[in-house]
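# Analysis of the macromolecular model
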Amino acid sequence: MNNTTRNIQKLRKNSLMQVLHAFAKTHEVQLYLVGGSVRDLLLNRPTTDWDFTLESDAIQFAKLFARSIRSPFVLLEKQPPTARVVIKTRRLAPTVLDIDFAQFRAATLTDDLLLRDLTINAMAIPLESVMESDNPEVIDPCNGRNDLATRQLQFPSEQVILNDPLRLMRIYRFAAQLDFEIPQKSIGLIQKHKRLLPQVSIERIRDEFLKILNVEKATPYLRQILEIGLFTPLFRNIIQTNTLWQPLENFEDNPIPETLSSYEGEIRTYLSEELGLYANRRSLIKLCLLRQGNIIRTGELLRLSKKAKQFLRCLVAGHRQLSGKELTKKQIIDFLRDSEADWWGRLLCSAAVEPIPPEVLRKIVDTYYGHFLPILKQERLITGKDIIKKFRIKKGKKIGILLEQIEEQQFYGEIRTRDEALAMVEALIRQGGNSYKSG
């Protein structure tokens, strides 16, 4: 029994598929599993989303099905009519699962498939066939199964690029995600039509680009994009040298230095946190390593979220703090205070640009967990109200400055108690003279 047969049998036994099949049969609707769902089924890849197409009334069908299983309905597009049913019940799916229903974009299913982005995504399987046979009918007008077998990415036609030039970028995303090759025929079409990519919104291009960065080994595909001249606004003024690619390759080959292996679980969780759509910390570190000095402008160009742009700024500043230094404890504390919650990101990004000796890495981590974090978890030694009440000084920005100085000395280990903090405030007020007197 091959993997495809096992996957078909597993799909047939799925309770949600059984419910959907029965519902479609009752309503006399022919459903087709389509696109990436078929591709992943044939490749034995896991999927958390199922895509179906049907001849007509896709939105109404999705509404009725969602109501029948008491699940949320989401309208995705009016043209072509596309809707989503979000499965959250543990009875039907162990985790959250999206089922998309899209109406044919052409008169027939075959014509619809011919409009899709790549041959490997231009296949369909009748749901009825899935539920009744170990070898279901695969509708494959573009010979996508052969391209799956040979691991080639091809456009169904030149016209699909003209219909949506984003496919010029998307083909590289699938090459990265699937580790497939882009044959010369496809490269020729990319070169011929690359001038069309600027017609696409920057948000759509950004999303494809970030999906490439999310791949474990993105560097080879980014090189190809640069060499062929796609997405010139991002790669303008970049000169291909080993110096350009080395930091990115360092991070992809060894994102977590061996010295930090005992913190691997914590670091991986941190890196996977999303700061925007498709923009997690791991992909943003890669973007920073690729663009380095131009990263702030790049963040604006890609219209990244506010959180993502703040993270990029933090990475750049952190490298300047760590670069080429034998760090004192005070410098490490300054680094941690400036980095706040993103000290891991700054540390890993800097280590990819310029290796940090193991003893320095250990010193930074030990300082954080042994000294810095315990202070963070403490309540403030004193508050602004304490200062105003005891020293009868006027409210204003100077209260904040005093608290900042107290916090700084606390992190440096110069003061540890409330009395020491108040004594320091008294000394600072004496030095400041009349500026601290109440009006």
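In the block above lies the structure referred to throughout.
For clarity, every value in this text was computed on a predicted model and none was experimentally measured.

### Details of helix α21 (residues 358–377)
Taking 1.5 Å of rise per residue, the 20 residues of α21 would be expected to cover 28 Å, and the 27 Å separating its terminal C-alpha atoms lies within 8% of that figure. Considering bend angle alone, the principal kink of α21 is centred on Tyr368 and spans about 40 degrees. By the burial criterion, the buried members of α21 are Val360, Leu361, Ile364, Val365, Thr367, Tyr368, His371, Phe372, Leu373 and Ile375.

### Details of the state of the cysteines
Think of a disulfide as a covalent bridge from one cysteine sulfur atom to another cysteine sulfur atom. This structure, assessed with the given rule, holds zero disulfides. Between Cys288, a cysteine without a disulfide, and Cys349, which holds the nearest cysteine sulfur, the sulfur-to-sulfur distance is 4.1 Å. By relative accessible area, which is 5% here, Cys288 ends up buried. With no disulfide of its own, Cys314 has Cys349 as its nearest cysteine by sulfur position, at a separation of 9.6 Å. Residue classification places Cys314 among the buried residues on the basis of a relative accessible area of 10%.

### Some words on the packing of aromatic side chains
As enumerated under the stated definition, the model contains 15 aromatic pairs in all. Taking the centre distance of 6.2 Å and the plane angle of 45 degrees together, the rings of Tyr32 and Phe104 count as tilted. In this pair, Tyr32 sits in strand β1 (residues 32–34) while Phe104 sits in the loop between β5 (97–103) and α5 (109–114), placing the two residues 72 residues apart along the sequence. Among the residues examined, Phe104 registers a relative accessible area of 12% and is labelled buried. With a centroid separation of 4.2 Å and 25 degrees between ring planes, the pair formed by Trp343 and Trp344 is classed as stacked. Here a set of aromatic residues connected by ring pairs shows up, and it is made of Tyr263, Trp343, Trp344, Tyr368, Tyr369, Phe372 and Phe411. When the ring centre of Phe174 is taken as origin, the NZ or CZ atom of Arg173, which lies over that ring, is 4.5 Å away.

### Things to note about the packing of helix α11 (residues 202–213) against helix α12 (residues 219–228)
In contact at an axis separation of 9 Å, α11 and α12 are set at 140 degrees when each is read in the N-to-C sense. Taken together, the axes of α11 and α12 are oblique relative to one another. Of α12, the residues touching α11 (which contributes Phe209, Ile212 and Leu213) are Tyr221, Leu222 and Ile225. Taken together, the residues of the contact of α11 with α12 break down into six nonpolar, no polar and no charged.

### Section: the pattern of salt bridges
Taken as a whole, this structure holds 27 salt bridges when the rule is applied. With its nearest N and O atoms 3.4 Å apart, the salt bridge here joins Lys330 to Asp334. One end of the pair is Lys330 and the other is Asp334, both in helix α19 (residues 329–339) and four residues apart, which spans about a single turn. Residue classification places Asp334 among the partly exposed positions, given a relative accessible area of 21%. By sharing partners, the salt bridges in this structure join Asp117, Arg170, Arg173 and Glu208 into a single network.

### Quick look at helix α20 (residues 343–353)
Within α20, 10 of the 11 residues are buried, which leaves it mostly tucked inside the rest of the structure. Those residues of α20 that fall on the buried side of the exposure criterion are Trp343, Trp344, Gly345, Arg346, Leu347, Leu348, Cys349, Ser350, Ala351 and Ala352.

### Points about the pairing of β5
Burial runs high along β5: seven of the seven residues are buried. Covered by surrounding structure in β5 are Leu97, Ile99, Phe101 and Gln103 together with Asp98, Asp100 and Ala102, the residues of both alternating faces. Strand direction decides the pairing type here: strand β2 (residues 49–54) and β5, joined by six bridges, are parallel. In the strand pairing of β5, Leu54 is matched with Gln103. One ladder, built from six bridges, connects strand β4 (residues 82–87) with β5; its direction is antiparallel. Bridging from a neighbouring strand, Thr82 pairs with Ala102 of β5.

### What about the nonpolar core?
Counting 121 residues, the largest nonpolar core has Phe52, Phe101, Phe231 and Leu347 as the members making the most contacts within it. The residues touching Leu347, leaving out its near neighbours within four places in the chain, are Leu260, Leu322, Phe335, Ile356, Leu361, Ile364 and Val365. One finds Phe391, Ile399, Leu402 and Ile415 within the second-largest nonpolar core, a separate group that totals 16 residues.

### Re unusual backbone geometry
The residue after Gln79, namely Pro80, is reached through a cis peptide bond having omega -10 degrees. Mapping Pro80 onto the fold places it in the loop between β3 (73–77) and β4. Here the phi dihedral of Arg303 falls at roughly 55 degrees; this positive angle occurs in a residue that is not glycine.

### Digging into the sheet that holds strand β6 (residues 124–126)
Read across the open sheet, the six strands follow the order β3-β4-β5-β2-β1-β6; overall the sheet is mixed. Of all the strands in the sheet, just β3 and β6 have a single pairing partner and so form its edges. Averaged over all pairs of adjacent strands, the angle between strand axes in this sheet comes to 30 degrees, irrespective of strand direction. In the packing of helix α2 (residues 15–26) onto the sheet, the strands contacted are β2, β4 and β5, and the crossing angle to β2 comes to about 15 degrees. Across the sheet, helix α4 (residues 58–68) lies against β2, β3, β4 and β5, angled at about 150 degrees from β5, the strand it touches most.

The rules behind the values
- Residues numbered from 1 in each chain as written.
- Predicted model: local features only at pLDDT ≥ 70, side-chain atom pairs only at ≥ 80, totals over all residues.
- Heavy atoms only, no water.
- Helix = DSSP H or I, 4+ residues; strand = E, 2+ residues; numbered from the N terminus.
- Expected span 1.5 Å × (residues − 1).
- Bend = angle between axes of the 7 residues up to and from the residue.
- Buried < 20%, exposed > 50% of the residue type's maximum accessible area, 1.4 Å probe, protein only.
- Disulfide = S-S within 2.5 Å.
- Phe/Tyr/Trp six-rings, centres within 6.5 Å; stacked < 30°, edge-to-face > 60°.
- Lys NZ or Arg CZ within 6 Å of the ring centre and 35° of its normal.
- Axes fitted to C-alpha atoms, helices over the stretch in contact; angles between N-to-C directions.
- Parallel < 35°, antiparallel > 145°, perpendicular 65-115°, else oblique.
- Contact = heavy atoms within 4.5 Å.
- Nonpolar A, V, L, I, M, F, W, Y, C, P; charged D, E, K, R; others polar.
- Salt bridge = Lys/Arg side-chain N within 4 Å of Asp/Glu carboxyl O.
- Pairing = 2+ DSSP bridges.
- Core = buried A, V, L, I, M, F, W, Y, C linked by side-chain atoms within 4.5 Å.

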